[in-house]
Structure formats: structure tokens, C-alpha cells
Amino acid sequence: MKIRVTINGALYEREAPETVNLLHFLREYVGLTGAKEGCGGGECGACTVLLDGRAVNSCLVLAAEVDGRSVRTIEGEVRDGKPSALQQAFVKRHAVQCGFCSPGVVMSARALIERNPKPNVEEIKEGLEGNFCRCTGYVQIIEAVLEATGQEPSIEERSHA
Ligand code: FES
Ligand code: FES
């Protein structure tokens, strides 16, 4: 079937099987490989993208479902060759180690801060609860989101992270 979808502000039109999921559509039919396949079953969040502004696990969404809609991926965080302030905060706070989870974590954080520009630690934890990170640890990730939203994490907040 023909799928027309706006991705990171640009319109794409691709022929793809009805059974292909959004993650594979992005990676194999559009060439955007930022979203990663971890579990492939909605458990890890590595494949998170925004669909009409809402964070979704792209492994659980059929590409056919996004026809006529708007998708944002980690590639859309980069403007004029520069990483977004959110991505820069992840680097500054050492919130990326192997990086496999990072595209999904950043996109969940993006969705969170668009609906809540100054989330507190608990809200950040809730916003990222579907994203697993096996190597960095969540303290740095929470700090990165605080940093990106103009907040400084306190010692007390860190002790509860
Ligand atoms: S690959 Fe989609 S949630 Fe794990
Ligand atoms: S940075 Fe390695 S899994 Fe999160």
C-alpha cells in the first residue's frame, strides 16, 4: 500500500506492505535508522518516536496507521547540523553510554517537556518509565532532562532518583 506521512516536517510517500510496522518502515523504507529495535514487543522503548506529538513504541504501530499523520524521530532533533539543547544536555550530563536506548529516551523526554516544560523528578520518572537503559543509569538521564528544562538537580533529588 502507499503510505504518505510527514516525518520531521517533510512529506514522504512510500510503497510498503500492510504488515510492516512503523519502526521498520522508518528504518528500511525511509532510511531513518535512529529509532532502534530492542525487544521488538513494546517493552524497552528503544524504538520510541512521536506520533502526532505523542510518544509511541514504533514497533507496536503499523506503518499503515500513520498514513496522513505526523511522525517525529530522533533525526528531527538536529537542526542545521546541530544537536538540540535536549541532546546537548544528555551529553553534558553524561546520560549516554552505549547509546542504544538514547534515541528513545530523548524522544520520550521531548514528548514530556512539550506537555510539561518544567517537569519535576517524579514527573520525569513517569515520563520515561517506558524506556529502559541498561548501562548509563537513570540519575544522569533525569539530570539531563532537568538541565534541558533550565532546572538544577538538587542533592536531595539525586538521592531519590
Ligand atoms: S523495540 Fe519497541 S519497545 Fe522495544
Ligand atoms: S546508554 Fe546504553 S542502554 Fe542506555
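None of these values were measured; they are calculated from a predicted model.

Reading guide: rules and limits
- Residues numbered from 1 in each chain as written.
- Chains lettered and ligands numbered in written order.
- Predicted model: local features only at pLDDT ≥ 70, side-chain atom pairs only at ≥ 80, totals over all residues.
- Heavy atoms only, no water.
- Helix = DSSP H or I, 4+ residues; strand = E, 2+ residues; numbered from the N terminus.
- Buried < 20%, exposed > 50% of the residue type's maximum accessible area, 1.4 Å probe, protein only.
- Domains from an automatic or database assignment.
- Contact = heavy atoms within 4.5 Å.
- Buried area = accessible area lost by both parts, 1.4 Å probe.
- Salt bridge = Lys/Arg side-chain N within 4 Å of Asp/Glu carboxyl O.
- Nonpolar A, V, L, I, M, F, W, Y, C, P; charged D, E, K, R; others polar.

## Comments concerning the environment of E123
Alright, step 1. Within the secondary structure layout, E123 lies in helix 4 (residues 121-127).
Alright, step 2. Residue classification places E123 among the partly exposed residues on the basis of a relative accessible area of 30%.
Alright, step 3. Residues E123 and I113, 10 residues apart in the sequence, show an inter-C-alpha distance of 9.9 Å.

## A short note on the domain arrangement of the protein
Alright, step 1. Structurally, the protein comprises domain 1 (2-76) and domain 2 (85-160).
Alright, step 2. Computed over C-alpha atoms only, the centres of domain 1 and domain 2 are separated by 22 Å.
Alright, step 3. Each side of the interface is counted separately: domain 1 has 16 residues, and domain 2 has 13 residues.
Alright, step 4. Carbon and sulfur atoms supply 62% of the area that domain 1 and domain 2 bury against each other, a total of about 1,100 Å² over both sides.
Alright, step 5. Three residues stand out in domain 1 for area buried against domain 2, namely T48, R72 and I74, and they jointly supply 38% of the buried area on that side.
Alright, step 6. One can count one salt bridge joining domain 1 with domain 2.
Alright, step 7. A salt bridge links E114 to R72; the nearest nitrogen and oxygen atoms lie 2.8 Å apart.
Alright, step 8. Here the side of domain 1 that touches domain 2 gets three residues from one element, more than from any other, and that element is strand 3 (residues 48-51).
Alright, step 9. Residue composition of the side of domain 1 that touches domain 2, by class: six nonpolar, six polar and four charged.

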